[in-house]
Amino acid sequence: MNRIDRLYALVEELRAAGRRGRTARQLAARFEVSVRTVERDLSALGQAGVPLATKQRRGGGYTLDRSMSLPPLNFTPREAAAVAVALSRTEHVLFKNDARSALQKIVAAMPESALAEARDTADKVRLLVQKVPDPDAEVAEIIWQAVRDNQVLLIHYIDVGGVQTEREVEPQHVVVGPNGSYLTAWCHLRGDDRVFRMDRITAAERTPRLPRLRPVVPEPIVDGHEIRLPASVLRPEDSLPNSDIGLSRTTATVGAARRSGG
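The structure displayed is predicted, hence computed values, not measured ones.

Caption draft 1: Inspection of the environment of V175 at higher detail. With respect to the helices and strands, the residue V175 is situated in strand 4 (residues 164–177). Taking relative accessible area as the criterion, V175 reaches 19% and is therefore assigned buried. Between the C-alpha atom of V175 and that of M198, which follows or precedes it by 23 residues, the distance is 9.5 Å. The residues touching V175, leaving out its near neighbours within four places in the chain, are G180, S181, Y182, T184 and P220.

Caption draft 2: Seen up close, the packing of helix 1 (residues 3–17) against helix 2 (residues 24–31). Interhelical geometry of helix 1 versus helix 2 gives an angle of 125° and a closest axis separation of 12 Å. Taken together, the axis directions place helix 1 and helix 2 in an arrangement best described as oblique. The element helix 1 and its partner helix 2 pack so that their crossing is right-handed. The segment helix 1 lies against helix 2, with R6, A9, L10, E13 and L14 engaging L27, R30 and F31. Taken together, the residues that form the contact of helix 1 with helix 2 break down as five nonpolar, no polar and three charged.

Caption draft 3: Geometry of the packing of helix 4 (residues 77–88) against helix 5 (residues 96–109). Helix 5 packs onto helix 4 with a crossing angle of 170° between their chain directions and a minimal axis gap of 11 Å. Comparing their axes, helix 5 and helix 4 come out roughly antiparallel. For the pair helix 4 and helix 5, the contacting residues are A80, V83, A84 and L87 in the first and A99, L103 and I106 in the second. Looking at side-chain class alone, the contact of helix 4 with helix 5 contains seven nonpolar, no polar and no charged residues.

Caption draft 4: Highlighting the packing of aromatic side chains. Under the criterion given, the structure shown has two aromatic pairs. Note on Y157 and F196: the rings are 4.9 Å apart at their centroids and 85° apart in plane angle, and the pair reads as edge-to-face. Placement of the pair is Y157 in strand 3 (residues 153–158) and F196 in strand 6 (residues 192–197), with a sequence separation of 39 residues. You can call Y157 buried: its relative accessible area is 3%. Judged by relative accessible area, F196 falls into the buried class, the value being 0%. The ring of F31 carries R30 above its face, with NZ or CZ at 4.9 Å from the centroid. One residue, R212, lies across the ring of W186, its end atom 3.8 Å from the ring centre.

Caption draft 5: Summary view of helix 6 (residues 112–122). Listed as buried for helix 6 are A114, L115 and A118. Viewed end-on, helix 6 has its buried residues packed into an arc of 100°, placing them on one side of the element. Along helix 6, exposed side chains directed more than 90 degrees from the buried face belong to E112, S113 and R119. On the buried face of helix 6, the contacting elements are helix 4 and helix 5.

Caption draft 6: Layout of the side chain of R6. Within the secondary structure, R6 is located in helix 1. Side chain to side chain, R6 and D41 meet in a polar contact 2.6 Å long.

Caption draft 7: Highlighting the nonpolar core. The biggest cluster of nonpolar side chains holds 18 residues, and the ones touching the most others in it are I143, I155, V169, L183, F196 and I201. At the level of elements, helix 7 (137–149), strand 3, strand 4, strand 5 (180–187) and strand 7 (201–206) are the ones that each hand at least two residues to this core. The element that contributes the greatest number of residues to this core is helix 7, accounting for five residues. If we skip the residues at most four places from it in the chain, I143 touches L153, L183, M198, I201 and A204.

The rules behind the values
Residues numbered from 1 in each chain as written. Predicted model: local features only at pLDDT ≥ 70, side-chain atom pairs only at ≥ 80, totals over all residues. Heavy atoms only, no water. Helix = DSSP H or I, 4+ residues; strand = E, 2+ residues; numbered from the N terminus. Buried < 20%, exposed > 50% of the residue type's maximum accessible area, 1.4 Å probe, protein only. Contact = heavy atoms within 4.5 Å. Axes fitted to C-alpha atoms, helices over the stretch in contact; angles between N-to-C directions. Parallel < 35°, antiparallel > 145°, perpendicular 65-115°, else oblique. Left-handed = near helix turned anticlockwise from the far one by under 90°. Nonpolar A, V, L, I, M, F, W, Y, C, P; charged D, E, K, R; others polar. Phe/Tyr/Trp six-rings, centres within 6.5 Å; stacked < 30°, edge-to-face > 60°. Lys NZ or Arg CZ within 6 Å of the ring centre and 35° of its normal. Arc of directions from axis to C-beta. Polar contact = N/O pair within 3.5 Å; in protein donor to acceptor, adjacent residues only side chain to side chain. Core = buried A, V, L, I, M, F, W, Y, C linked by side-chain atoms within 4.5 Å.

Okay, here's the thing in structure tokens:
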């Protein structure tokens, strides 16, 4: 995490902590830096006008002046439990910290009685999850940035037979499935769409090469699986009756099936 991202994350961490605040030592452990680095960052935030306050009681620490920020959203106990269940379904390396931060914000915004009811509701639920190999966190972040920014990647890939190849690929989607996570991309070496298991990508770097102009990026198709689009959840207006939010696409409308990264 670079310093700019850490400064932003510090503000969000303090916002999520609410009145409880965080000590410099807690923040240092959270962001895996030294206490001195955290104190320098907090000083920089204060000088930039972020409304920080120090707790005077035993234990000390830092809080964010809530009167200087937007009020939190209110969640019902069932809503909070639903979010907790949804976030617990995956601990993908790309979204683990963001999921934790989101849940902290929900918890900080809830009254104690509602939070207790949410915890009691969630305590009645059990999830069956299958442990799958995680990709390298640094490599996964490079891949994600290339997917987001539509950049060509140079990757080192080990296929199912143990053969390592170097590929230039044009990333399209990150696919999170029950057996692992995958990168779908146009492979320059094969001249076709391919699927690469992310835990088999041992190195990745962005290149200055521009991707080809493609009017439509085909959606992945996996036999025996329903493809769900998380972006549709962020468009609740599309989920009104008689609307098509794209969760049940047919092969004809989704595009050709991908081949594995061989």
